[in-house]
Amino acid sequence: MKIETKINNISSHAKERKVKISDNSLQDRVSLGSGKDITASYYPQDPSVTEPILTKISGNNITPGPDNERIDTDGDVKPKGDGNFIYSPEEAEFINVHLFVTADKTIKTAEKSLGKKIPWSFGREKIIIHPDKGVMANAFYNKKDGTLNFFHFKNKKTGEIIHTGKSFETGSHETNHALLDGMKPKFIGWNIETEALHEAFSDIRTMLACFREDKNCELFLKETGGNFRKENLISSIGEQFGQNAMGKPFIRSAINSYTYSNPYLLPQMQQEDELTGEAHVFGQLFLGAVYDIMDKVFHQYISEGMGQKEALMKMSDLCDKLLLKGIELCPPSEATYKDLAKGMVKADQLEEKGKYKHILKDVFEKRWILFEDKDNLQELRGSKFINPSSRESICDFIYRNRELTGISEDIPLKIEKAEKNKDGSNLIDLTFTQEVTLSGNDYGIFDGAIVEITGGVNIMSDSNGEVCSLSSRYIDRDNMENTKNRLKNLIKEGRIKFIDPSVKKLEEKDLFDINGRPYAGYTVYEDGKMKLVPSTVIQ
Ligand SMILES: [Zn+2]
């Protein structure tokens, strides 16, 4: 979410199309822990475009909160007498149930697409959801304590109280930040493009999740007739927040024609109808590209004789799989749009025999994201085989191919992740860290502080140990200069928080400035040396 306080002309456009949905047919009598499905109520999209609907959630491991094996919702909401979590938005319990359902669906669909569990980056089994933490026009994921945080605020014109936790789009977006952080913990760093990639990922998966809900598909088809170019409830993101906090009909849109340019060379603020380097704005470029892919895949399915609703759902499953598997094949840090585009092309080749290659290439070329058609595996030196359980074998392979990876023997590598997939293939993320000292007057009170940049390699090998994908990020002069320039700008804008060495414990409020905007980073001290670390708060 993006914080804004300006309120002016509020568009009523989204309100006009709000459609009432009544579906009370799912009234089972079940009890907690029975293992049977439980019925729950939630907003399947944004509260300003749909009424709440009923959905089924797995009764396995559900305890009051609602909680399950991956989610710990703040509070103690229990089902009603009939054993179901059916609450109306006016009831205090609703927000807990809505957010639980939203997070649960977001997590389960990701794990289904990937075919495995996605661990959290913060080392616990459960993510904590704070459904209404107080007054702020905001919502965020905090990696530090493994929480999803939602707030409420008043529309100063209408007096209406808006809960950011009541929108499926907001809840799913924040949950997706946590999932991506679980998959690639080093994506949270200083790189502008990787930060934008986090935003794009979270928005794309939220849109795809919307297409998995029958009612949303019905509304989408009613609004567009299947024409993705027509503005609709799914392409528009954050309608209620946009109308009540920003005076806009929505906060972001997937319908755009942005083409790639270096985000470090763009202005860094949020502007209207113009691409900037600000993460949520720049994120719309990749969001728009994947929306174009969704459009083309949908129409391919229609041309194959599929019905519209079935085509939407099947398209959602496919795009989610390509996106998540594409992420897996990105370098473990400093990933760019090009890395993810290549990862998605590779995922299509490995999973779908290249059936969607023409669509992916066409869109990514039009967006100036990816041009080359060359597979770097043709340049590998020596044997293409590794023993995925041997550190020596993996490192030897990387060093032997230093012309490709940029990584030589004198760079010590850390195994960040080594996973065996069900089909016997292996995924390995290796990282290394480079320290950069910020020196000069441009850094003000932070002159002499150090920052870390992480580089690394991702390798995928098939069930025989043959390397089938390789992507790497070597830290070169460009990365270092970009990082330094970015920090200069952040310092100038007051977005780096100086924490006095005597402060023992950082409070969450310390991570926000007086306008409620999260700092981009703050100081810590290691061996008496000042170090700047990126904020753990992602909106
Ligand atoms: Zn975000």
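Worth saying up front: this structure is predicted, and the values here are computed from it rather than measured.

**Points about the overall build of the chain**
Part 1 of the reasoning: What the chain contains, in helices and strands, is 13 helices and 19 strands.
Part 2 of the reasoning: Here the C-alpha radius of gyration of the chain, 23 Å, is about what a compact globule of 539 residues would show, namely 24 Å.
Part 3 of the reasoning: On the principal axes, the C-alpha backbone points of the chain span a range of 65 × 60 × 45 Å.
Part 4 of the reasoning: Counted over contacts in the chain with a minimum sequence separation of 6, partners at least 24 positions apart contribute 64%.

**Observations regarding helix α7 (residues 279–303)**
Part 1 of the reasoning: In this model α7 runs 36 Å from its N-terminal to its C-terminal C-alpha over 25 residues, within 8% of the 36 Å that 1.5 Å per residue would give.
Part 2 of the reasoning: G305 sits one or two positions beyond α7 and adopts a positive phi of about 100 degrees.

**As for unusual backbone geometry**
Part 1 of the reasoning: Along the chain, G65 connects to P66 via a cis peptide bond; the corresponding omega equals -10 degrees.
Part 2 of the reasoning: Relative to the assigned elements, P66 resides in strand β3 (residues 65–67).
Part 3 of the reasoning: Within the chain, K353 stands out as a residue other than glycine whose phi angle is a positive 55 degrees.
Part 4 of the reasoning: You can see K353 is positioned in the loop between α9 (337–352) and α10 (357–366).

**Structural notes on the sheet that holds strand β4 (residues 71–77)**
Part 1 of the reasoning: Spatially, β3-β4-β5-β7-β6-β19 is the arrangement adopted by the six strands of the open sheet, whose pairing is mixed. Looking at which strands have only one partner, the edges of the open sheet turn out to be β3 and β19 (537–538).
Part 2 of the reasoning: Relative to strand β7 (residues 147–150), strand β5 (residues 127–130) runs parallel, the two being bridged by three bridges. The partner of H130 across the bridge, within β7, is N149.
Part 3 of the reasoning: Packing against the sheet, helix α2 (residues 94–114) makes contact with β3, β4, β5 and β7, and its axis sits at approximately 165 degrees to β4.

**Overview of the packing of helix α8 (residues 308–328) against α9**
Part 1 of the reasoning: Two numbers describe how α8 lies on α9: the axes approach to 7 Å, and their chain directions differ by 115 degrees. As summarised for this structure, α8 and α9 are arranged roughly perpendicular, according to the angle between their axes. Along this stretch, α8 crosses α9, giving a crossing that reads as right-handed. Residues K321, L322, L323, K325, G326 and I327 of α8 form the contact with α9, whose participating residues are L340, G343, M344, A347, D348 and E351.
Part 2 of the reasoning: In terms of residue class, the contact of α8 with α9 is built from six nonpolar, two polar and four charged.

**Some words on the domain arrangement of the chain**
Part 1 of the reasoning: Here the domain parsing of the chain yields domain 1 (13–187), domain 2 (192–200 + 211–366) and domain 3 (377–493).
Part 2 of the reasoning: When each unit is reduced to the centre of its C-alpha atoms, the spacing between domain 1 and domain 3 is 36 Å.

**Some remarks on the packing of helix α3 (residues 168–183) against helix α4 (residues 192–210)**
Part 1 of the reasoning: Contact pair α3 / α4: the axes reach a minimum separation of 8 Å and the direction vectors enclose 125 degrees. Put simply, α3 runs oblique to α4. Between α3 and α4 lies a crossing of right-handed hand. Only H198, F201, S202, D203, R205, T206 and A209 of α4 make contact with α3, whose side of the interface consists of E169, S172, H173, N176, H177 and L180.

**What about the pairing of β5?**
Part 1 of the reasoning: Only one face of β5 is covered, namely the one carrying I127 and I129; the face carrying I128 and H130 has none of its residues buried.
Part 2 of the reasoning: Of the strand pairs in this sheet, β4 and β5 are connected by three bridges, and their pairing is parallel. Residue pairing across strands places I71 opposite I127, the latter belonging to β5.
Part 3 of the reasoning: Since β4 and β5 lie parallel, the crossover through α2 that links them has a hand, and here it is left-handed.

**Here we look at the nonpolar core**
Part 1 of the reasoning: Counting 116 residues, the largest nonpolar core has V97, V290, M315 and C319 as its most contacted members.
Part 2 of the reasoning: At 13 residues, α7 tops the list of elements feeding residues into this core.
Part 3 of the reasoning: Setting aside residues no more than four positions away along its own chain, C319 makes contact with L208, V290, I293, M294 and V297.
Part 4 of the reasoning: With 13 residues, the next largest nonpolar core counts F446, A449, I491 and Y522 among its residues.

**Regarding the pairing of strand β14 (residues 450–461)**
Part 1 of the reasoning: Among the twelve residues in β14, ten count as buried, and that is most of the element.
Part 2 of the reasoning: Taken together, the twelve bridges between strand β13 (residues 426–437) and β14 define a ladder with antiparallel strand orientation. Bridge assignment links I428 to a residue of β14, and that residue is I459.
Part 3 of the reasoning: As judged from the six bridges shared by β14 and strand β15 (residues 467–473), these two strands associate in the antiparallel manner. Bridged to S461 within β15 is V467.
Part 4 of the reasoning: Between the end of β14 and the start of β15, which pair antiparallel, lie five residues, with G465 showing a positive phi angle near 90 degrees.

**Digging into helix α11 (residues 391–400)**
Part 1 of the reasoning: Of all the positions in α11, only I394, F397 and I398 are classed as buried. Axial view of α11: buried residues confined to an arc of 95 degrees, hence all on one face.
Part 2 of the reasoning: Buried positions along α11 lie against α12 (402–405), β13 and β14.

What counts, and at which threshold
Counting from 1, residues in each chain are numbered in the order their sequence is written. Local features are withheld for residues below a pLDDT of 70 in this predicted model, meaning they are given only at 70 or higher, and side-chain atom pairs are given and counted only at 80 or more; totals for whole chains, interfaces and linings count all residues. Where helices and strands are cited, they refer to DSSP runs of H or I of at least four residues and of E of at least two residues respectively, numbered from the N terminus. Throughout, radius of gyration means the C-alpha value; the globule benchmark is 2.2 Å times the number of residues raised to the power 0.38. Throughout, a residue-residue contact means that the two C-beta atoms, derived from backbone geometry, are no farther apart than 7 Å. Given a helix with a known number of residues, its expected span is that number minus one, times 1.5 Å. When DSSP locates at least two bridges between a pair of strands, those strands are taken to pair. Each axis is a line fitted through C-alpha atoms, taken for helices only over the stretch in contact, and angles between the N-to-C directions span 0 to 180 degrees. Each angle receives one of four descriptions, namely roughly parallel if under 35 degrees, roughly antiparallel if over 145, roughly perpendicular if within 65 to 115, and oblique otherwise. Left-handed describes a crossing whose near helix is turned anticlockwise from the far helix through less than a right angle; right-handed describes the clockwise counterpart. Three classes are used: nonpolar for Ala, Val, Leu, Ile, Met, Phe, Trp, Tyr, Cys and Pro, charged for Asp, Glu, Lys and Arg, and polar for all others, with Gly counted as polar. Throughout, the edges of the domains are those of an automatic or database domain assignment. Put plainly, a residue is buried at 20 or more neighbouring C-beta atoms within 10 Å of its own, exposed at 12 or fewer, and partly exposed in between, counting only other residues' C-beta atoms, which are placed from the backbone. Handedness of a crossover is defined as follows: with both strands directed away from the viewer, a clockwise route from the first strand across the helix to the second makes it right-handed. By our criterion, buried Ala, Val, Leu, Ile, Met, Phe, Trp, Tyr and Cys residues that link up through C-beta atoms within 7 Å make up a nonpolar core. The arc in question is the one traced by the directions running from the helix axis out to the C-beta atoms.

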